[in-house]
Amino acid sequence: MKLLQGKTVLVTGGSTGIGRAAAIGAARHGADVAINYASSDDKALSCIAEIEALGQRGLAVKGDVALPETAADFVAKAVDAFGHVDVLVSNAGICPFHAFLDMPVETVDRTFRVNLHGAYYMVQAAANQMVRQGGGGAIVAVSSISALVGGEFQTHYTPTKAGVHSLMQSAAIALGKHGIRCNSVLPGTILTEINKDDLADDAKRHYMEERTPLGRLGMPDDLVGPIVFLASDMAAYVTGAALLVDGGMFVNLQ
Ligand SMILES: NC(=O)C1=CN([C@@H]2O[C@H](COP(=O)(O)OP(=O)(O)OC[C@H]3O[C@@H](n4cnc5c(N)ncnc54)[C@H](O)[C@@H]3O)[C@@H](O)[C@H]2O)C=CC1
Ligand SMILES: C[C@H](O)[C@@H]1OC(=O)[C@H](O)[C@@H]1O
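Residues numbered from 1 in each chain as written. Chains lettered and ligands numbered in written order. Predicted model: local features only at pLDDT ≥ 70, side-chain atom pairs only at ≥ 80, totals over all residues. Heavy atoms only, no water.

(A) Focus on the nonpolar core. Counting residues in each nonpolar core, the largest one holds 33 residues, and the members touching the most others are V9, V33, I35, I51, V185 and I227. Put simply, the parts of the chain that give this core at least two residues each are β1 (8–11), α1 (17–28), β2 (32–37), α2 (41–53), β4 (87–90), β5 (137–142) and α7 (224–231). Among the elements that line this core, the one with the most residues is α1, at 7 residues. Not counting chain neighbours up to four residues away, the residues in contact with I227 comprise I18, A22, V89, V140, V142 and V185. A92, A125, A171 and L175 belong to the second-largest nonpolar core, a separate cluster that totals 32 residues. (Core = buried A, V, L, I, M, F, W, Y, C linked by side-chain atoms within 4.5 Å. Buried < 20%, exposed > 50% of the residue type's maximum accessible area, 1.4 Å probe, protein only. Helix = DSSP H or I, 4+ residues; strand = E, 2+ residues; numbered from the N terminus. Contact = heavy atoms within 4.5 Å.)

(B) Layout of the side chain of T111. By secondary structure assignment, the location of T111 is in helix α4 (residues 105–133). Of note is the side chain of T111, whose polar atom sits 2.7 Å from the backbone oxygen of T107. Apart from residues lying up to four places away in sequence, T111 is in contact with I94, P96, L116, H156, Y157 and T160. (Polar contact = N/O pair within 3.5 Å; in protein donor to acceptor, adjacent residues only side chain to side chain.)

(C) Examining the confidence of the model for the protein chain more closely. When pLDDT is averaged along the protein chain, the result is 98, and 100% of the positions lie at 70 or above. Scored by ipTM, the complex comes to 0.99, with pTM at 0.99. (pLDDT = per-residue confidence, 0-100.)

As structure tokens, this is what we get:
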């Protein structure tokens, strides 16, 4: 069953990790897909190749989501290529682990600009296009379990994830009249580039695995079903919601 047949799906940070999995997963469900990416042309093009191998159209647009103009450019190029925007997956993000007391200003600033400001600009640009089109749409933001709990070396990061979660709640109210649904997924610990160095520490990785009732850390593909569901008409009456995708980590006190 293809849940996104005929839809156009935009994904930020779509060349690796959760964004890549979401982009290819959307194509598997019948969507044409545009990805935003920050750096690696090779990784972006290989993602497009996988989308096209599934019989769907793909587009890769390079841009730094921290820059407001990137959002308008990404949406405009997607509309030029595919004619409309039906779904936005706001995924791009960074988590440069660092201690609190000597956290550099530039690290705080960059993390906020990418994770929160970038999400804001992309959601706003996609929503304006959806309003122009009429017919509604769906926005899925990749927040985090870290919207709900803290991290010693993530004092600059967790507020951005809480902010993304809150942005979806407010956007859901602002956009409901336009038939645009806004929801968050809150992944637990998923094995991707973002935490490759952090989880190279065996003790840290073992601790995170032990905290997870399902007994394993997540993989990017574990996010595809929840994201596609929230993007699809299966979630027609779901907006302002947050879906933990964490193997049970959040509820596991003892
Ligand atoms: N991996 C995990 O355990 C978790 C990840 N997340 C979130 O998932 C999202 C995706 O991260 P992952 O797939 O895990 O790692 P990742 O590092 O593979 O993906 C992040 C993507 O965002 C892109 N990106 C970074 N800065 C950008 C910028 N300024 N402009 C455009 N693209 C940019 C990167 O190039 C990369 O492709 C992030 O928002 C992260 O906060 C949330 C909870 C858990
Ligand atoms: C980068 C972290 O390992 C990852 O990202 C999050 O949002 C959670 O803190 C995960 O553990």
